[in-house]
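Tertiary structure, described
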Amino acid sequence: MIRGRLLNSEIISVLAAMGHTDQLVIADAGLPIPAAVKRIDLALEKGLPSFDATLALVASNMVMEKVILAEEIKENNPEMLKKIKEILSDKKIEIEFVSHEYFKKLSSSSKAIVRTGECTPYANIILQSGVNFEGE
């Protein structure tokens, strides 16, 4: 058994297999998941698990160089955007904003999409893998 808070074997497996610039999506309950992308479905009921709790746990176990969010989160879910920035505040990573339609296209090439029970608008993020050359 590994040591740490993250226990989901599917998420751990995806993280371990990721290389530089590979992407993992953490999604709300409504994001469409293409058939060709691995689905890791954590959703239990509306709100469980939450997007922000899932992001915090995955982010603490991943080397990231960039995240991608839908531009629409700024106006339609500013509370979640604030939480995302707080979760990522100790990491030196780029935050990129794209249209929601383009976000969905980008998610189709991710290694996996982790579906949460989040039911607030635009609570989706693409985590782009960095490299651990500096012993992060």
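Quick summary incoming for the structure in this document. (Residues numbered from 1 in each chain as written. Predicted model: local features only at pLDDT ≥ 70, side-chain atom pairs only at ≥ 80, totals over all residues. Heavy atoms only, no water.)

Helix-helix packing: each pair is described by the crossing angle between the helix axes and the interaxial distance. Running from N to C, helix H2 (residues 51-59) and helix H4 (residues 78-87) cross one another at 20°; their axes reach a closest spacing of 10 Å. The orientation of H2 with respect to H4, classified from their angle, is roughly parallel. Viewed along their axes, H2 and H4 form a crossing whose handedness is right-handed. Residue-level contacts link Phe51, Asp52, Leu55, Ala56 and Ala59 of H2 to Met80, Lys83, Ile84 and Ile87 of H4. For the contact of H2 with H4, the class distribution of residues is seven nonpolar, no polar and two charged. (Axes fitted to C-alpha atoms, helices over the stretch in contact; angles between N-to-C directions. Helix = DSSP H or I, 4+ residues; strand = E, 2+ residues; numbered from the N terminus. Parallel < 35°, antiparallel > 145°, perpendicular 65-115°, else oblique. Left-handed = near helix turned anticlockwise from the far one by under 90°. Contact = heavy atoms within 4.5 Å. Nonpolar A, V, L, I, M, F, W, Y, C, P; charged D, E, K, R; others polar.)

Mapped onto the elements of the fold, valine 114 is located in strand S5 (residues 112-115). Note: C-alpha distance between valine 114 and methionine 64 (50 residues apart in sequence) is 16 Å. Residue contacts for valine 114: discarding those within four places in its chain leaves Ile11, Leu24, Val25, Ile26, Ala27, Ile40, Leu42 and Thr54.

Right, let's talk about H4 for a bit. What sets the pattern is the α-helix's 3.6 residues per turn: residues three or four places apart point alike. For H4, the set of buried residues is Met80, Leu81 and Ile84. For H4, the angular spread of the buried residues around the axis is 105°, confining them to a single face. Seen from the open side of H4, the exposed residues pointing more than 90 degrees away from its buried face are Glu79 and Lys82. (Buried < 20%, exposed > 50% of the residue type's maximum accessible area, 1.4 Å probe, protein only. Arc of directions from axis to C-beta.)

Before going further, it helps to examine the sheet that holds strand S3 (residues 64-70). Reading across from one edge, S2-S5-S1-S6-S3-S4 is the order of the six strands in this open sheet, with mixed pairing throughout. Edge positions in the sheet fall to strand S2 (38-41) and strand S4 (94-98), since each has one partner strand and no second. Between one strand axis and the next, the sheet turns through 20° on average, direction left out of account. Of the strand pairs in this sheet, S2 and S5 are connected by four bridges, and their pairing is parallel. In the sheet register, arginine 39 faces S5, and the bridge partner there is isoleucine 113. (Pairing = 2+ DSSP bridges.)

Right, let's talk about the pattern of salt bridges for a bit. Evaluation of the coordinates by the stated rule reveals seven salt bridges. Two residues, lysine 38 and glutamate 10, come together in a salt bridge whose shortest N-O distance is 3.3 Å. Linking lysine 38 in strand S2 with glutamate 10 in helix H1 (residues 9-17), this pair joins segments that are 28 residues apart in sequence. Here lysine 66 makes a salt bridge to glutamate 96, at a shortest N to O gap of 2.7 Å. Linking lysine 66 in strand S3 with glutamate 96 in strand S4, this pair joins segments that are 30 residues apart in sequence. Classification of lysine 66 by relative accessible area gives buried; the value is 16%. (Salt bridge = Lys/Arg side-chain N within 4 Å of Asp/Glu carboxyl O.)

The next subject is the environment of glutamate 72. Tracing the backbone through its elements, the reader meets glutamate 72 in the loop between S3 and helix H3 (73-76). As for glutamate 72 and glycine 4, which are separated by 68 residues in sequence, their C-alpha atoms are 34 Å apart. Contacts of glutamate 72, omitting those with residues within four sequence positions, involve Asn77, Val98, Ser99, His100 and Tyr122.

Fair warning: the whole summary comes from geometry, so function is off the table for now.
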